Amino acid sequence: MKRYVHLVQRTSHTIGNRSGLSTQMDRDFSLEFLANYLAELTLLDYGFLKFFPSRIAASAEFLAKWMLDQMSHPWNPTLEHYTYYKALELKTVVLEIHHIQMDAKEDATTNLSLKAIREKYSQQKFKSVAALSFPRPVDTLFL
């Protein structure tokens, strides 16, 4: 009898999809695409290897929710319960994702990998989420 072992590297993309953070009854594809875009940007930066994929997924979800609705705080007790992360625990990763997202806009001509991801998520089929910006500084969420 043969036994097969399947080794799968769990990334923030798979955890975000599996945990159901960005899937509700009335599915918001903009939120899902934006969270995936932000999480995908982190895959190109070795600095994110020090964080658990679940923390990156939660931070990408946090930032995506805030980018789409800046009138309310993006984190709530339900998300805290399911992710086991409090908003303040996500601060470092959220700020780093914000930084890399801003670099993707500015360095799109020099960093071809960032350019490719940005172009991918600039397409209409991904709701052009790469074009979204931050009217308010992100660090105001953690005061």
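Here, every reference points to the structure presented above.
Residues numbered from 1 in each chain as written. Predicted model: local features only at pLDDT ≥ 70, side-chain atom pairs only at ≥ 80, totals over all residues. Heavy atoms only, no water.

Q: How would you summarise the pattern of salt bridges if you had to cite specific residues and measurements?
A: Counting across every chain of the model gives three salt bridges. Between Lys120 and Glu40 there is a salt bridge, with the nearest N and O atoms lying 3.3 Å from each other. Placement of Lys120 in helix α6 (residues 112–120) and of Glu40 in helix α2 (residues 29–42) is noted, with a sequence separation of 80 residues between them. Across the pair Glu119 and Lys115 runs a salt bridge whose closest N-O atoms are separated by 3.9 Å. One end of the pair, Glu119, and the other, Lys115, are both in helix α6, four residues apart, so they sit about a helical turn from each other. (Salt bridge = Lys/Arg side-chain N within 4 Å of Asp/Glu carboxyl O. Helix = DSSP H or I, 4+ residues; strand = E, 2+ residues; numbered from the N terminus.)

Q: Residue-level account of the environment of Val93, with values.
A: You can see Val93 is positioned in helix α5 (residues 91–106). As a C-alpha pair, Val93 and Leu63 span 30 residues in sequence and 9.8 Å in three-dimensional space. Excluding its chain neighbours within four sequence positions, the residues that come into contact with Val93 are Phe48, Phe51, Arg55, Ile56 and Ser59. (Contact = heavy atoms within 4.5 Å.)

Q: Kindly report on the packing of aromatic side chains, identifying the contributing residues and their values.
A: Tallying each qualifying case throughout the model produces seven aromatic pairs. Where Phe48 meets Phe51, the ring centres are 6.0 Å apart and the plane angle is 55°; that geometry is what we call tilted. What makes Phe48 buried here is its relative accessible area of 3%. Put simply, the rings of Phe29, Phe33, Tyr37, Tyr121 and Phe126 touch in pairs and so form one group of aromatic residues. (Phe/Tyr/Trp six-rings, centres within 6.5 Å; stacked < 30°, edge-to-face > 60°. Buried < 20%, exposed > 50% of the residue type's maximum accessible area, 1.4 Å probe, protein only.)

Q: Provide a residue-level description of unusual backbone geometry, including the pertinent values.
A: Although it is not a glycine, Tyr84 sits at a positive phi angle of roughly 65°. Relative to the elements of secondary structure, Tyr84 occurs in the loop between α4 (77–83) and α5. Within the chain, Lys127 stands out as a residue other than glycine whose phi angle is a positive 60°. With respect to the helices, strands and loops of the structure, Lys127 is situated in the segment after α6. Overall, Lys127 belongs to the partly exposed group, its relative accessible area being 45%.

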